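Chain by chain, the residues:
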Amino acid sequence: PAGTYPAAAVSDATYECRAADTASQALLDLMTEGGFDRLVVNPTIRREAVAPSPGPGDAFTAAFSMRLALPADLVDGVVGVGIDQVGLTDLTWTITPMAGVSGAPLVAHPPGQTIALVAGAPAVGQLGPVTGTFTRTSELGEPVAFRSDGLTLTIQVSLGAAPIDVKLACDPTAGNVLSATDEAGTPPPPPPPVEPPTAPPASPPPSGGPGAVGGPGGGGKPAGSHLPAVTSQATYECSITDPAVRSMIETLTRTPVDSLAVNPVLTMAAVSPSPAQGASFTATFSARLSLPSDIVDQVVGLGIAEATISDVEWAVHPEAGVTGEPILARPPAQQVTLAAGRPAGGDFGPFSGAFTRTSAVGEPVSFRFDALSVTIGVAAFGQDLSVPLRCTPVAGNVLTTVDQAGTAVLGRSLLPATGAGDATRQLVVLALALLAAGFVLSGADAPVRLRRRG
């Protein structure tokens, strides 16, 4: 009927990005500790309205776009080390018709672009609009749906005389279906195109005062503050809890079994906005536990190619500035492949709990990871062995975070647990290469931690 149209459809999608070739994988492995696996990103995808409504069997043109945003506080850190732009090239984006529509998938190649970075301003990039022709199969008033599929791209940044190209392949995991039905009237105009960033007018920093972070009256919740993510590399001492298993292993290996020191990476995700004093909030934690490559080499030398991590129990307690019941995490069992020359381990979490803040805004909030119980299962010496371990914290198991101004955008800390030094520059390059001027880290996957090179 005259005056109807399939409405625009918008969704905040979730994509997982991995290195698209061996060179990019090697570069990311070099800049991350323990090897790069994947990165979760959250672009906003959109299909524009179609006017007027096509009838069943009618061909029509649909336009799609993807918008990316890099927050101003992260741009400031990037600009601070001399990077003023990032390039997006070799873009391929696939969109597939689903319910109520037929046609070949749209394989679009949006033009490359260079995104300027200006201190104090967010950096926003947009892919598209890209268009394709399809045929409607649904009746008027029934949904028309499309699926945003894979995206590949190359991220280009330069730091001094060191250009870096990282090729990524991103696949959707949620929020990638665009569905809408016919509506009466005239569609509103599409959003304006992305404009180059301009520096905002300079303004003096806040002077404290009621409700300001760290200022008088800090028990309130200041607008735009958050508890930032925090990461620590802890030290735990692990020992076999079953004397019979310990004796059997010592007999089979002809080697005394002593305690083993491990260094799990513990993470608390950001909380945004900052909870006020007395307010409830949800805290989310994750951990990565890995064995060094030299120990893996010894295990592989015994003919063991994989291990099972099971019966995991790991408690997280409120420590300071917060009250609530401890979290007792019991993550599911997982298989770990062992390869000579590479560290091996598993990721635990995310796991969450509800707590109440007792400290004022601007004062620390701390949580404590306690002892870890875990069973390692391997096939060795012609039999299946289950080795129960109890790991006790020695250092680095308390995570403390203090409110910061701004909106939290990272689901975990990218910084090393202690110190920055030369790693700061590597951090910035990695952040740009992975965030692509707008891909925003989310969730509570294992943290990206940097190591020094040279």
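Residues numbered from 1 in each chain as written. Predicted model: local features only at pLDDT ≥ 70, side-chain atom pairs only at ≥ 80, totals over all residues. Heavy atoms only, no water.

Some words on the nonpolar core
Inclusion rule: Take the buried residues of types Ala, Val, Leu, Ile, Met, Phe, Trp, Tyr and Cys, join any two whose side-chain atoms come within 4.5 Å, and each joined set is a nonpolar core. The cut-offs for exposure are 20% and 50% of the maximum accessible area for each residue type, with area from a 1.4 Å probe on protein chains only; residues under the lower value are buried, those over the upper are exposed, and the others partly exposed. Runs of E in the DSSP output that reach at least two residues are strands. Runs of H or I that reach at least four are helices, and both are numbered from the N terminus.
The biggest cluster of nonpolar side chains holds 46 residues, and the ones touching the most others in it are Phe64, Trp93 and Phe146. With 6 residues, strand 12 (residues 144-159) is the single largest residue contributor to this core.

Quick notes on the pattern of salt bridges
Opposite charge on two side chains permits pairing when their charged atoms draw close. The test is simple: For salt bridges, the criterion is a side-chain nitrogen of Lys or Arg within 4 Å of an Asp or Glu carboxyl oxygen.
One pass over the structure, following the stated rule, counts 8 salt bridges. For the salt bridge of aspartate 149 with arginine 147, the shortest nitrogen-to-oxygen distance reads 2.6 Å. Assessed through its relative accessible area of 14%, aspartate 149 is described here as buried. With its nearest N and O atoms 3.0 Å apart, the salt bridge here joins arginine 330 to glutamate 313. Residue arginine 330 is located in the loop between strand 24 (327-329) and strand 25 (334-337), and its partner glutamate 313 is located in strand 22 (residues 306-320); the two are separated by 17 residues in the primary sequence.

A closer look at the packing of aromatic side chains
Convention followed: Only Phe, Tyr and Trp rings take part, Trp by its six-membered ring, and two of them pair if their centres are within 6.5 Å. Stacked means planes under 30 degrees apart, edge-to-face means over 60, and tilted covers everything else.
Tallying each qualifying case throughout the model produces 12 aromatic pairs. Ring centres of phenylalanine 285 and phenylalanine 367 lie 5.0 Å apart, and the angle between their planes is 70°; this geometry places the pair in the edge-to-face category. In this pair, phenylalanine 285 is assigned in strand 21 (residues 280-291) and phenylalanine 367 in strand 27 (residues 365-380), connecting sequence segments 82 residues apart. Relative accessible area serves as the criterion here: at 0%, phenylalanine 285 is assigned to the buried category. Ring centres of tryptophan 314 and phenylalanine 348 lie 6.1 Å apart, and the angle between their planes is 75°; this geometry places the pair in the edge-to-face category.

Some details on the side chain of aspartate 370
Rules: When checking whether two residues touch, look at their non-hydrogen atoms; a contact exists if any pair is within 4.5 Å.
Mapped onto the elements, aspartate 370 comes out in strand 27. Sequence-distant contacts of aspartate 370, that is, excluding residues within four places in its chain, are made with Tyr236, Trp314, Ala315, His317 and Pro393.

Considering the state of the cysteines
For clarity, the cut-off: Pairs of cysteine sulfur atoms within 2.5 Å are identified as disulfides in what follows.
Counted according to the given criterion, the structure contains 2 disulfides. Put simply, cysteine 17 and cysteine 170 are joined by a disulfide, and their sulfur atoms are 2.0 Å apart. Taking the sign of the S-S torsion, 110° for the link of cysteine 17 and cysteine 170, the bridge is right-handed. Of this pair, cysteine 17 sits in strand 3 (residues 14-19) while cysteine 170 sits in strand 13 (residues 162-174), placing them 153 residues apart in sequence. Considered together, cysteine 17 and cysteine 170 belong to a single accessibility category, that of buried residues. There is a disulfide in this structure between cysteine 238 and cysteine 391, and the S-S distance comes to 2.0 Å.

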